[in-house]
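# Coordinates in review
As a plain string of letters, each chain reads:
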Amino acid sequence: MTNPINDLSGLPQFSAIKPEHIQPAIEEAIAACKTKISDLLSQDNYSWDSLVAPIEEIDDELSRKWSPVSHMNSVVSNDALREAHDACLPALSEYGTWVGQNADLYNAYCQIEASSEFADLSEAQQKVITQAIRDFKLSGVALNEDKKARYAEVKSRLSDLGSTFSNNVMDATLGWQKHITDIAELAGLPESALGAAKQLAESKELDGWVFTLDIPSYLPVLTYADNRELREEMYRAYTTRASEQGPNAGKWDNTEIINETLTLRQELSKLLGFEHFAEYSLASKMANSSEQVNGFLLDLANRSKPQAQQDIDTLTSYAQEHFQAGELQAWDFAYYSEKLKEQTYKISDEQLRPYFPESTVVKGLFEVISRLYKLTVTEREGVDTWHKDVRFYDIKDESGELRGSFYLDLYAREKKRGGAWMDECQVRRQKLDSTQQYPVAYLTCNFSGPVGDKPALFTHDEVVTLFHEFGHGIHHMLTKINVGGVSGINGVAWDAVELPSQFLENWCWQPEALSFISGHYETGEPLPQTLLDNMLAARNFQSAMQMLRQLEFSIFDFSLHENFIDAEQTNVQAWLDQVREQVAVLTPPSFNRFQNSFGHIFAGGYAAGYYSYKWAEVLSSDAFSRFEEEGIFNQQTGQDFLHNILEMGGSKEPMELFVAFRGREPEVDALLRHSGIAA
Ligand SMILES: [Zn+2]
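The structure contained in this document is the topic of the report that follows. (Residues numbered from 1 in each chain as written. Predicted model: local features only at pLDDT ≥ 70, side-chain atom pairs only at ≥ 80, totals over all residues. Heavy atoms only, no water.)

## Things to note about the pattern of salt bridges
- Applying the stated criterion to the full structure yields 37 salt bridges.
- With a shortest N-O distance of 3.2 Å, R236 and E232 are connected by a salt bridge. Residue R236 and its partner E232 are both found in helix 9 (residues 228-239); the two are separated by four residues, about one turn of the helix.
- The partly exposed category is assigned to R236, whose relative accessible area is 32%.
- On the basis of relative accessibility, which here comes to 25%, the residue E232 falls in the partly exposed class. (Salt bridge = Lys/Arg side-chain N within 4 Å of Asp/Glu carboxyl O. Helix = DSSP H or I, 4+ residues; strand = E, 2+ residues; numbered from the N terminus. Buried < 20%, exposed > 50% of the residue type's maximum accessible area, 1.4 Å probe, protein only.)

Next comes the structure, spelled out in structure tokens:
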């Protein structure tokens, strides 16, 4: 029996991968990596070619085998797959630690760094080596045996905790739904939301309408349903997922997982000689110190707060004046905000939706890329995928050379993790046999799918999200670096990684681009001038409030990791409350357990790093301001961004790349201006 995971001759064979293939393939691949590394270490002299390149090759094989498994676990999960996936985590964690704490390997890298060969290596190769040496230190290579063993235990447990956290959120999201049979209860909801809810009910062989906690189902209820009890009920279910509160209280509860995660992260940082986990996190980031991060966040918070307070006051008096609303509750904000936006700017998300049918938006996105970077994107038929809705595309440059490919999986569905993200299927690198491996990406979103015989019609928010993820995608795919460790997003400091993604969002707000990103799904007519004007005018509606919300999450994350002592002395909810008291203008109800589904920091890579979004937005806004000065489709500016940022991957420090593109260090003014916040 051949195992499809082991066939690396082409793209992954998703439809052939079964849960029983997973553990044998991954364990065998890990064993092969260990044997290879041990063999390589038996040489007397180490060089790039004799050590680093063959390690990269074997590690790449492991990555390419694990990638489809981890991806399928996120997008077409089932119990058997999840079990097989989770069963590999200890071995993967153990392998990571085995490499990271391998003193012989560390010494071999140091020997190469100190050798005369080092100066002759390319800048990318040098960065791979210095970065590896840094990571050995961060993995505790210098610790004594007892501490190394403890480090390994902690790492492995943290990996399990992250996975359980994610599983709980997915199960809690799936574990609640609202079935409604009386249309009178759904007054206010737009046609699109009703249609989707009806379709969902039919798929479950139910009458009426079914709503879930997936964003495309949940958000319209909060935004449009006149039925206040329904809004409250859904808000409560959503914001108490995976907690001890709400309709599924205690089921899938992440509270203890959060406490244990924080405790172990502190222990890990101390073990490595850091003051706290925030300091450990910064050791591999662009920001230099906790003071710098805290100062940055507080400064932005102080600048945004007065305007955010004004946003709230305006909303409250509007709701009271026009709707005799009493005191606004958390489940009222989206509802009255939408009404206020409609009245002020004569615009609603639903009005825009018919102008953003999937095919026009996707084609428009490719057109933007083509104008900016002279690239062509074409669909490739017949590629094996994990779901019938997934499509596959190739990107070629001006000279016709393949640069990369991607899977596009746009719609929300059950058993698919929420949110939107880009992930690597394989990276760009030159293989040992000198052939070129091209990068392949997964672009995953959770948008509203087609309803009935209408095509999928996106909200403008969804369009922005698509551009965001595609920005990550081209960072991964357009790299010209051929060393896997620093090609694409690899080796890019985490707080700079959101630069290309947030950067590309800007084109969703440019009339010149909107003229071809949009087109009515029946008539093809682009967004009418008035709608366009209104949409642009509404761009910064409540932007200070949104800015403050992001800052609240960032400060909560960073300060918690900086100050956490133990679960006794640091109560996470109390910490969050205190952060809110300091920076927020809105206090959510006491049952709200937002943190229990905050996967970015408890199950993703953003721990003590959520600030990265704002940090990188300074870079992306300032980078875009050069396009504002020189023309948003200025080809020279586009080429400069391509060559100085996108192609360079992690081969140089982000500040160096930014300065090469912008001609100076970043300034915060553009971000404030784009967000409509007075400097
Ligand atoms: Zn992103």
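## Focus on the coordination of the zinc ion
- Protein coordination at the zinc ion comes from H468 (NE2), H472 (NE2) and E498 (OE), with a distance range of 2.1 to 2.2 Å.
- Along the chain, the residues donating to the zinc ion are arranged with the sequence spacing H-x3-H-x25-E. You can see H468 sitting in helix 16 (residues 460-477) and its partner E498 sitting in the loop between helix 16 and helix 17 (499-505), a full 30 residues away along the chain. The pair H468 / E498 is uniform in exposure class, with both members buried. (Donors = N, O, S within 2.8 Å, 3.2 Å for Na, K, Ca; no water.)

## A word on the sheet that holds strand 9 (residues 440-447)
- Spatially, the five strands line up as an open sheet ordered 3-4-5-9-6, and their pairing is mixed. Of all the strands in the sheet, just strand 3 (376-379) and strand 6 (421-426) have a single pairing partner and so form its edges. Between one strand axis and the next, the sheet turns by 25° as a mean value, whatever way the strands run.
- In this structure, strand 4 (residues 391-396) lies alongside strand 5 (residues 402-411), joined through six bridges in antiparallel fashion. Residue R391 lies in a different strand from strand 5, and its bridge partner there is L408. (Pairing = 2+ DSSP bridges. Axes fitted to C-alpha atoms, helices over the stretch in contact; angles between N-to-C directions.)

## Some thoughts on the nonpolar core
- If you look at the biggest cluster of nonpolar residues, it comprises 141 residues, and the most contacted ones within it are V368, Y373, F406, F470, L504 and W507.
- Discounting residues that sit within four places of it in the chain, V368 has contacts with F467, L504, W507, A513, F516, I517 and F633. (Core = buried A, V, L, I, M, F, W, Y, C linked by side-chain atoms within 4.5 Å. Contact = heavy atoms within 4.5 Å.)

## Brief notes about helix 4 (residues 103-114)
- Under the 1.5 Å per step criterion, the end-to-end length of helix 4 is 16 Å for twelve residues, consistent within 8% with the ideal 16 Å.
- The set of residues buried in helix 4 consists of L105, Y106, A108, Y109 and I112. Around the axis of helix 4, the buried residues are gathered within 160° of arc, so they sit on the same side. The outward face of helix 4, more than 90 degrees from its buried face, is lined by the exposed residues D104 and A114.
- Its buried side turned inward, helix 4 meets helix 1 (19-41), helix 2 (48-75), helix 3 (79-100) and helix 5 (123-138).
- Of the residues flanking the start of helix 4, the one acting as N-cap is N102, its side-chain oxygen 3.2 Å from the backbone nitrogen of D104. (Expected span 1.5 Å × (residues − 1). Arc of directions from axis to C-beta. Polar contact = N/O pair within 3.5 Å; in protein donor to acceptor, adjacent residues only side chain to side chain.)

## Here we look at the state of the cysteines
- With the rule as written, the count across this model stands at zero disulfides.
- The closest cysteine sulfur to the non-disulfide-bonded C445 is located on C508, 12 Å from its own sulfur.
- C445 gets classed as buried once you look at its relative accessible area, which sits at 0%. (Disulfide = S-S within 2.5 Å.)

## Considering the packing of helix 15 (residues 358-373) against helix 16
- Here helix 15 crosses helix 16 at 45°, and the two axes come no closer than 11 Å. Relative to helix 16, the element helix 15 lies oblique. The two elements helix 15 and helix 16 meet at a crossing, and its hand is right-handed. Counting all contacts with helix 15, which are made through V361, V362, L365, F366, V368, I369 and Y373, the residues of helix 16 involved are V463, L466, F467, F470 and I474.
- For the contact of helix 15 with helix 16, the per-class residue count stands at twelve nonpolar, no polar and no charged. (Parallel < 35°, antiparallel > 145°, perpendicular 65-115°, else oblique. Left-handed = near helix turned anticlockwise from the far one by under 90°. Nonpolar A, V, L, I, M, F, W, Y, C, P; charged D, E, K, R; others polar.)

## Digging into unusual backbone geometry
- Notably, K374 is not glycine yet its phi reads approximately 55°, a positive angle.
- Looking at the element boundaries, K374 is found in the loop between helix 15 and strand 3.
- One non-glycine residue, S434, lies in positive phi territory at about 75°.
- Position of S434 among the secondary structure elements: in the loop between strand 7 (429-430) and strand 8 (436-437).

## Some details on the packing of helix 1 against helix 3
- Direction vectors running N to C along helix 1 and helix 3 enclose 10°, while the axes themselves pass 8 Å from each other. On the basis of their axis angle, the class for helix 1 and helix 3 is roughly parallel. Together, P19, I22, Q23, I26, I30, C33, K34, I37 and S38 of helix 1 and A80, L81, A84, A87, C88, A91, L92, E94, Y95, W98 and V99 of helix 3 make up the contact between the two elements.
- Here the contact of helix 1 with helix 3 is built from residues that sort into 16 nonpolar, two polar and two charged.

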